[in-house]
Amino acid sequence: MEKSTEELMEILKSKNTYKDFFDQEIGELLFSSISEYLEMMLNEKGLKKSEVIEKSNLDKNYAYQIFNGNKTNPSRDKILMLAFGMRLTLEETRKLLKLCSLSDLYVRNPRDTVIIFCINKGMSLITCNEYLSDYSLDILE
């Protein structure tokens with residue numbers, strides 16, 4: 001968070017729609033829980049949990065526990081899989097990792113670099129795993 005609360009207030013006042021504000025300033029917003037952030041992202045992107053879970057290749061029960069806030073410490077890979085299922089941007093993915101108290105994606109880490117590349121290109125989890133496999137890196141599972 002780099003902007004002051006006053007700066008954010010002025011930016012919010014200047015926007016015509018909340019979506020404009022949200023899209024630009026998501027990195028500055030605070031969320032009380034993982035499930036709150038995920039719910040907001042679902043609504044923002046017009047996604048259904050069932051579709052996201054299918055695209056994320058997560059176990060259905062496990063994924064619903066994350067969405068409902070019952071699973072409080074999911075692994076980094078599981079959160080990244082969920083991010084792919086939701087088609088989160090890199091900034092949104094990094095925010096989610098931070099909310100989960102998980103390590104950020106690091107561009108000097110070869111595996112993270114592939115993941116960053118795939119997120120930036122809007123690739124699916126399956127495609128990302130193919131890239132990871134091509135470079136003999138651990139897939140997201």
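In this text, all values refer to a predicted model and were calculated from it rather than measured experimentally.

1. As for the environment of L42
Logical step 1: Within the secondary structure, L42 is located in helix α3 (residues 34-45).
Logical step 2: Residue contacts for L42: discarding those within four places in its chain leaves L47, K48, K49, V52, F67 and M86.

2. Notes on helix α9 (residues 125-134)
Logical step 1: All buried positions along α9 are accounted for by L125, C128, N129 and L132. Projected down its long axis, α9 shows its buried positions confined to an angular sector of 100°, all on one face. Residues of α9 that are exposed and point over 90 degrees away from its buried face: I126 and D134.
Logical step 2: Buried-residue contacts for α9 involve α4 (49-56), α6 (76-86) and α8 (110-120).

3. Observations concerning unusual backbone geometry
Apart from glycine, the bulk of residues carry a negative phi angle, and the bulk of peptide bonds sit in the trans form.
Logical step 1: Positive phi outside glycine occurs at S101, with the angle close to 55°.
Logical step 2: Position of S101 relative to the elements: it lies in the loop between α7 (90-99) and α8.
Logical step 3: The backbone of S136 shows a phi angle near 55°, a positive value even though the residue is not glycine.
Logical step 4: On the accessibility criterion, S136 (71% relative accessible area) is exposed.

4. Quick look at the side chain of R76
Logical step 1: Topologically, R76 is positioned in helix α6.
Logical step 2: Only 2.9 Å separates the side chain of R76 from the backbone oxygen of S103, close enough to count as a polar contact.

5. What to know about the packing of aromatic side chains
Logical step 1: Counted according to the given criterion, the structure contains four aromatic pairs.
Logical step 2: The interplanar angle of 40° and the centroid separation of 6.0 Å between the aromatic rings of Y18 and F22 together place this pair among those described as tilted. Taken together, the residues Y18 and F22, both in helix α2 (residues 18-25) and four residues apart, mark about one turn of the helix.
Logical step 3: Judged by its relative accessible area of 42%, Y18 is partly exposed.
Logical step 4: A centroid spacing of 4.9 Å and a plane angle of 75° characterise the contact between F31 and Y37, whose relative ring orientation is edge-to-face. For the pair formed by F31 and Y37, the shared burial category is buried.
Logical step 5: Among the aromatic side chains, those forming a connected cluster through ring pairs are Y18, F21 and F22.

Rules behind the numbers
Residues numbered from 1 in each chain as written. Predicted model: local features only at pLDDT ≥ 70, side-chain atom pairs only at ≥ 80, totals over all residues. Heavy atoms only, no water. Helix = DSSP H or I, 4+ residues; strand = E, 2+ residues; numbered from the N terminus. Contact = heavy atoms within 4.5 Å. Buried < 20%, exposed > 50% of the residue type's maximum accessible area, 1.4 Å probe, protein only. Arc of directions from axis to C-beta. Polar contact = N/O pair within 3.5 Å; in protein donor to acceptor, adjacent residues only side chain to side chain. Phe/Tyr/Trp six-rings, centres within 6.5 Å; stacked < 30°, edge-to-face > 60°.

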